[in-house]
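Below are the chains, spelled out letter by letter.
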Amino acid sequence: MNRNRKIFLFGSLIFVAIVVFVAIDMASRTTAPWNKKKQIIRAFEVSPEADSIAIDTTRR
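Residues numbered from 1 in each chain as written. Predicted model: local features only at pLDDT ≥ 70, side-chain atom pairs only at ≥ 80, totals over all residues. Heavy atoms only, no water.

A. Broad picture of the overall build of the protein. The helix and strand tally for the protein stands at two helices and zero strands. Residues classed as buried in the protein amount to 0% of the 60 residues present. Element-wise, carbon and sulfur atoms account for 65% of the exposed surface of the protein, whose accessible area totals about 6,300 Å². (Helix = DSSP H or I, 4+ residues; strand = E, 2+ residues; numbered from the N terminus. Buried < 20%, exposed > 50% of the residue type's maximum accessible area, 1.4 Å probe, protein only. Areas by Shrake-Rupley, 256 points an atom, 1.4 Å probe, with all protein chains shown as cover.)

The structure is reproduced here in structure tokens:
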């Protein structure tokens, strides 16, 4: 294998690794379309422990 071919293969592997990393990162930050309804329900569920309005933080 000549030098140019080695450089090309190395560059290609680096490029593919970056693309795979970006794809995995994007996939972990998004929600699948079939899970969006569940996500909305979880976002608007209010429990007394998690409700920050119930705790008066302005008075000390």
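B. Quick look at a nonpolar patch on the surface. Taken together, Phe 10, Ile 14, Ile 18, Phe 21, Val 22 and Met 26 make up a surface patch of nonpolar side chains, about 650 Å² in accessible area. With respect to the helices and strands, Ile 14 occurs in helix 1 (residues 3-29). (Patch = residues over 30% accessible without salt bridge, like charges linked within 9 Å, V, L, I, M, F, W, Y side chains within 5 Å. Salt bridge = Lys/Arg side-chain N within 4 Å of Asp/Glu carboxyl O.)

C. Fine view of the pattern of salt bridges. Enumeration over the complete set of coordinates arrives at one salt bridge. With its nearest N and O atoms 3.1 Å apart, the salt bridge here joins Asp 25 to Arg 29. With a gap of four residues between them, Asp 25 and Arg 29 both fall in helix 1, about one helical turn apart. On the basis of relative accessible area, Asp 25 is assigned to the partly exposed category, the value being 28%.

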